[in-house]
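# Fold and geometry: a report
Below, each chain spelled out in residue letters.
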Amino acid sequence: MAEKHLSDGMIEAGASFLSKLDEFGLSPESAGWLYDTARSDWRYLVASAAIDVVGRRKIYGAIIDLFEVFDFGDDLTSMDVHLVSPREQWYVIMRGAVSVSGASRARIRRSNLNGIHIEDALVYRFFAPPAAAKLERQANMFAKKAHKAAELAS
């Protein structure tokens, strides 16, 4: 996906993927497409505090399982998905400027938000992380459901 234009297929694939993350129990605090100017490429960012509790490897492994079960087409592959922690500085800064929930979406173009330049982004969801007590259970259930779906599909 080396094009600068965010296609309708990418937008729909991103929404469908977020829906699957929710369906399988991850329910990330943030998800959306971000154009990475340094790489001239789009990245699908998923932020979840569960990453801080169980680690990126476990969450990403479950995401790989979802890609084995569900086809998001060529518009979204597991290589496009980048996991981030809501503790990372850019997330904390963005949280003060962006809030998206429910069925709404936000498009951010050529903007500087609290010192962070955003060339182009489509945000499906962006809100504060939940209490830490629920995160490990949430992440473990997500991984278990995704792995089971992958086993059933093969």
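This write-up is about the structure you can find in this document. The shown structure was predicted, so the numbers you read here are calculated from the model rather than taken from an experiment.

### Let's talk about the packing of aromatic side chains
- Following the criterion strictly, the structure yields 8 aromatic pairs and no others.
- Ring centres 5.4 Å apart and planes at 90° place the aromatic pair Phe-17 and Phe-72 in the edge-to-face group. Here Phe-72 lies in the loop between α3 (56-69) and β3 (81-84) and Phe-17 lies in helix α1 (residues 8-23), a separation of 55 residues in the sequence. Phe-72 matches Phe-17 in its accessibility class, with the two residues each being buried.
- By the ring-pair criterion, three or more aromatic residues cluster together here, those being Phe-17, Trp-33, Tyr-44, Phe-67, Phe-72 and Tyr-124.

### Quick notes on the sheet that holds strand β5 (residues 116-126)
- Ordered in space as β3-β2-β1-β5-β4, the 5 strands form an open sheet in which the pairing is mixed. Both edges of this open sheet fall to β3 and β4 (106-113), since each of them pairs with a single strand only. On average, each strand axis in the sheet is tilted by 30° relative to the strand beside it, whichever way the strands run.
- Where strand β2 (residues 41-47) meets β3, 4 bridges bridge the pair, whose relative direction is parallel. The residue of β3 that forms the bridge with Val-46 is Leu-83.
- Packed onto the sheet, α1 meets β1 (30-36), β2, β3 and β5 and runs at close to 50° relative to β5.

### Remarks on α1
- With 16 residues, α1 extends 22 Å from end C-alpha to end C-alpha; this agrees with the ideal 22 Å at 1.5 Å per step.
- At the C-terminal side of α1, Gly-25 shows a positive phi close to 100°.

About the criteria used
- Residues numbered from 1 in each chain as written.
- Predicted model: local features only at pLDDT ≥ 70, side-chain atom pairs only at ≥ 80, totals over all residues.
- Heavy atoms only, no water.
- Phe/Tyr/Trp six-rings, centres within 6.5 Å; stacked < 30°, edge-to-face > 60°.
- Helix = DSSP H or I, 4+ residues; strand = E, 2+ residues; numbered from the N terminus.
- Buried < 20%, exposed > 50% of the residue type's maximum accessible area, 1.4 Å probe, protein only.
- Pairing = 2+ DSSP bridges.
- Axes fitted to C-alpha atoms, helices over the stretch in contact; angles between N-to-C directions.
- Contact = heavy atoms within 4.5 Å.
- Expected span 1.5 Å × (residues − 1).

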